[in-house]
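# A structural walkthrough
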Amino acid sequence: MAYHQHPLDVTTLPAWQALRQHREDMQQFSMRDAFAGDAKRFERFSMSTCGLFLDYSKNLISPQTRDLLVNLAREAGLEQAIEGLFNGEQLNASEGRPALHTALRRPIGDCVKVDGVNVMPDVHRVLHQMTDIVGRIHSNMWRGYSDKSITDVVNIGIGGSFLGPQLVSEALLPFTQHGVRCHYLANIDGSEFHELTAKLNAETTLFIVSSKSFSTLETLKNAQAARTWYLARGGTEEKLYRHFIAVTSNKEAAIAFGIREKNIFPMWDWVGGRYSLWSAIGLPIALAIGMSNFKELLSGAHSMDTHFRTTSFDKNMPVLLALLGVWYGNFWGAQSHAILPYDHYLRNITKHLQQLDMESNGKRVRQDGSPVSTDTGPVIWGGVGCNGQHAYHQLLHQGTQLIPADFIVPVVSYNPVADHHQWLYANCLSQSQALMLGKCRNEAEAELRANGLSEDEVQRLAPHKVIPGNRPSNTLVLERISPRRLGALVAMYEHKVFVQSVIWGINAFDQWGVELGKDLGKGVYQRLTAWDAAPADDASTQGLIEFFRGRHRG
Ligand code: F6P
């Protein structure tokens, strides 16, 4: 029987019980003391793979903690689960599908079967199809309705059909080829549509309607608006095919929309939306950076897959980060996790990881429908450093919550300006240092006295100056962002999320909660627009509907 059909209650495992006891033993653990007492702590708790260096020494852990967490992973059946992931077991049990995003980055000679059929030839056929269109656009063979070359590509898509491609194409801006500019249109808010199209020329703009289901409201509405916009600016129905292509697993709906069959790139239901940037959903990435760089991205992800699949848990980067998350979420009461990239090019990674983690692990029942007995996925938040230091980092340092953080920083800048990069790197390191060291009462008092304050003032101000410290963080360092390293980084987080879902016994690949909002939205829309519609089920929603209708009456 596959492990996921009857997930264990993780809290009943011996390793869980041992961790509970260990947590009590760690109550007085001090990172300052741990560093002072172990000259090898940094070496002991750091590792590198696939171009990424991870320092996880600034955590509330001892070697014993790591051993116990690794035991937990073993007892929870992680080894079996990883094999199930790569071999195409139906890990997405509520939708009856495997989750085979790893197949998208495997070499052509590999064999990965879905329902007895090897999907690798299909995966590589689509890569060829992508190579063909990217080549035609970059060499100006593909032209708009007035025979001008394509200068701008607009990806119309939302969720996984937006966040991953946007992260990667913007992170790899230094690799841009042939001057194709990529834009993203996600929200149904007309202001977004207006602001974007105001900058574009219909003659030289290509729209990619990117939707696995081809039924997502925001995407279809924006695609419809884009078509109207194109037709109003000299475009014709006859030449629509030069301006609209689609990526979808719902070919019929794309054809019904008016997209030529030849311009439709397939997707498969064994790839989840938030794991899809490696498929043709990544077409805007390939158009921005070229196909060889796109393949480098895939190969970086594949190298992380190999690391994840073959490395023992105590040296396995995604496994270690996942277990640290479990340690804080389930044993220290952490409710959220901050992602803090110190790199302009990685500024969108927090948004992508937010969807990846929260849509995957925001679950409350196990795979078999039984309620979980622990907390599951944390709130993922954060943003680019140094900006966050002048805003929300205050809560990380002195707030009442324990919030573990991942700092991500390149050693080299693509755009050196004076000594800015030295300062950026210094700020990143000093933030994790400040979180760890804090400032104790004695230090706060001594500092105030050194500033010549009276003893009364020292006592009045000292409590405000005390910073508890002992707050955990990981630091991920890379040379500088490249397609290969970015592929490895994103794949690493995918696997981290998966490992946690295995520990908790939940399905990381469905998202039923999101579906409820979509369904209710239709009813509210109907009540906003049809005067004779029955009132909403609750007075609050009805009151707000009437507020809108009152403003739009007549
Ligand atoms: O909103 C939920 C969701 O289903 C995401 O999981 C998905 O990435 C997004 O909508 C877009 O879906 P589609 O690609 O089918 O338009």
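Residues numbered from 1 in each chain as written. Predicted model: local features only at pLDDT ≥ 70, side-chain atom pairs only at ≥ 80, totals over all residues. Heavy atoms only, no water.

## Comments concerning the overall build of the protein chain
Put simply, the rule is: The helix count covers DSSP runs of H or I at least four residues long, the strand count covers runs of E at least two residues long, and both are numbered beginning at the N terminus. Our radius of gyration is a C-alpha quantity, and the globule rule it is checked against amounts to 2.2 Å times the number of residues to the power 0.38. Relative accessibility thresholds used throughout: buried, under 20% of the residue-type maximum; exposed, over 50%; partly exposed, between the two (1.4 Å probe, protein chains only). In this description, contact between two residues means that some pair of their heavy atoms is separated by no more than 4.5 Å. Method for areas: the Shrake-Rupley scheme with a 1.4 Å probe, in which residue coverage is limited to the protein chains shown.
Counting secondary structure elements, the protein chain contains 21 helices and 13 strands. Computed over its C-alpha atoms, the radius of gyration of the protein chain comes to 26 Å, within 12% of the 24 Å expected for a compact globule of 554 residues. With 554 residues in all, the protein chain has 53% of them scored as buried. Long-range pairs, those at least 24 residues apart, make up 75% of the contacts in the protein chain with a sequence separation of at least 6. In the form shown here, the protein chain has an accessible surface area of approximately 24000 Å², with 53% of it arising from carbon and sulfur atoms.

## Things to note about the nonpolar core
We count it as follows: Side-chain atoms within 4.5 Å link the members of a nonpolar core, which is a set of buried Ala, Val, Leu, Ile, Met, Phe, Trp, Tyr and Cys residues. Annotation comment: domain bounds sourced from an automatic or database domain assignment.
Membership of the largest hydrophobic core comes to 127 residues, with the highest contact counts inside it found for Met 130, Trp 270, Trp 327, Leu 486, Leu 489 and Ile 503. In terms of residue count, the dominant contributor to this core is helix H19 (residues 483–504) (13 residues). Shared between two domains, this core holds at least three residues of each, these being domain 1 (45–75 + 311–437 + 471–504) and domain 2 (101–294). Ranked by size, the runner-up nonpolar core spans 22 residues in total, among them Ile 156, Ala 202, Leu 240 and Ile 264.

## Some remarks on the pairing of strand S7 (residues 205–210)
Applicable threshold: Following DSSP output, two strands are said to pair if at least two bridges run between them. Convention used here: a crossover is right-handed provided that the path from the first strand, over the helix, to the second strand proceeds clockwise when the strands point away from the viewer.
For S7, the buried fraction is high: 6 of the 6 residues fall into the buried class. Here S7 shows a buried face lined by Thr 205, Phe 207 and Val 209 and a second buried face lined by Leu 206, Ile 208 and Ser 210. Looking at chain direction, strand S5 (residues 152–156) and S7 are connected through 5 bridges and run parallel. Its bridge partner being in S7, Val 153 is matched across the sheet by Leu 206. In this sheet, strand S8 (residues 244–248) lies alongside S7 in parallel orientation, the contact comprising 4 bridges. Counted as the bridge partner of Ile 208 is Ile 245 from S8. Running through helix H9 (residues 217–231), the crossover from S7 to the neighbouring parallel element S8 is right-handed.

## Side note on the UniProt feature "active site" (unreviewed entry) in the protein chain
Heads up, the rule is: UniProt positions are given in the numbering used here, feature names are shortened, and annotations may be inferred rather than shown by experiment. Polar contacts, as counted here, are pairs of nitrogen or oxygen atoms within 3.5 Å of one another; within protein the pair requires one atom able to donate a hydrogen and one able to accept it, and residues that are adjacent in sequence qualify only if both atoms are side-chain atoms.
Mapped onto this structure's residue numbering, the UniProt feature "active site" (unreviewed entry) falls at Glu 359, His 390 and Lys 518. A maximum C-alpha distance of 36.6 Å shows the annotated residues, which cover 160 residues in sequence, to be distributed over more than one spot. Here Glu 359 is to be found in helix H14 (residues 349–361). Among residues more than four places away in sequence, those in contact with Glu 359 are Arg 274, Gln 354, Asp 510, Gln 511 and Val 514. Of note is the side chain of Glu 359, whose polar atom sits 2.9 Å from the side chain of Arg 274.

## A look at the site of the ligand
Here is the rule we go by: We call a residue near a molecule or strand as soon as one heavy atom of that residue lies within 4 Å of the molecule or strand.
Neighbouring the ligand are 15 residues; Gly 160, Ser 161, Ser 211, Ser 213 and Thr 216 lie closest to it. Separating an oxygen atom of the ligand from a side-chain N or O atom of Glu 359 is a distance of 2.9 Å. Residue assignment for the shell around the ligand shows that the elements contributing at least two residues are H14 and helix H20 (512–529).

## Some words on the packing of aromatic side chains
Rules: Only the six-membered ring of Trp is used, alongside the rings of Phe and Tyr, when aromatic pairs are assigned; centres must lie within 6.5 Å, and planes under 30 degrees apart are stacked while those over 60 apart are edge-to-face, with the rest tilted. Sitting over a ring, as applied to charges here, requires NZ of Lys or CZ of Arg to be within 6 Å of the ring centre and within 35 degrees of the ring normal.
One pass over the structure, following the stated rule, counts 20 aromatic pairs. Relative to Tyr 414, the ring of Phe 175 lies with its centre 6.1 Å away and its plane at 85 degrees, an arrangement referred to as edge-to-face. Of this pair, Phe 175 sits in the loop between helix H7 (163–171) and strand S6 (181–185) while Tyr 414 sits in the loop between strand S12 (405–410) and helix H16 (420–437), placing them 239 residues apart in sequence. Since its relative accessible area comes to 22%, Tyr 414 is described here as partly exposed. Considering the side-chain rings of Phe 244 and Phe 257, the 6.3 Å spacing of their centres and the 50 degrees angle between planes classify their relative orientation as tilted. Highlighted residues: Phe 244 in strand S8 and Phe 257 in helix H10 (residues 251–257), separated in sequence by 13 residues. Residue classification places Phe 257 among the buried residues on the basis of a relative accessible area of 10%. Through a chain of ring-to-ring contacts, the aromatic side chains of Tyr 145, Phe 207, Phe 214, Trp 229, Tyr 230, Phe 244 and Phe 257 assemble into a single cluster. For Arg 260, the ring lying beneath its charged end belongs to Tyr 241, and the centroid distance is 3.7 Å.

## Side note on the sheet that holds S5
Our working definition: For helices, the axis comes from a line fit to the C-alpha atoms of the stretch in contact; other axes are also lines fit to C-alpha atoms, and the angle between any two N-to-C directions lies between 0 and 180 degrees.
Sheet architecture is open: 5 strands sit in the order S6-S5-S7-S8-S9, paired in parallel fashion. Edge positions in the open sheet fall to S6 and strand S9 (264–266), since each of these has one partner strand only. Along the sheet, successive strands turn relative to each other by an average axial angle of 20 degrees, direction set aside. Contacts between helix H6 (residues 120–138) and the sheet are confined to S7, S8 and S9, with S9 contributing the most and set at about 150 degrees to the helix. Strand contacts of H9: S5, S6, S7 and S8, with the helix running at about 160 degrees to S7, the strand carrying the most contacts.

## A word on the packing of H20 against helix H21 (residues 539–552)
Operational definition: Note on terminology: angles under 35 degrees are roughly parallel, angles over 145 are roughly antiparallel, angles of 65 to 115 are roughly perpendicular, and the others are oblique. By the definition used in this description, the sense in which the near helix is turned from the far one sets the handedness, with an anticlockwise turn below a right angle giving left-handed and a clockwise turn giving right-handed. Asp, Glu, Lys and Arg are counted as charged, while Ala, Val, Leu, Ile, Met, Phe, Trp, Tyr, Cys and Pro are counted as nonpolar; the rest, among them Gly, fall into the polar class.
Interhelical geometry of H20 versus H21 gives an angle of 40 degrees and a closest axis separation of 9 Å. In terms of axis orientation, H20 runs oblique to H21. In the crossing of H20 with H21, the sense of the turn from one axis to the other is right-handed. Note on element contacts: H21 touches H20 through Thr 541, Gln 542, Ile 545, Phe 548 and Arg 549, opposite Val 524, Arg 527 and Leu 528. Residue composition of the contact of H20 with H21, grouped by class: 4 nonpolar, 2 polar and 2 charged.

## Considering the domain arrangement of the protein chain
Looking at the protein chain, the domain boundaries give domain 1 (45–75 + 311–437 + 471–504), domain 2 (101–294) and domain 3 (512–553). Summarising the inter-unit geometry, the C-alpha centres of domain 2 and domain 3 are found 33 Å apart.

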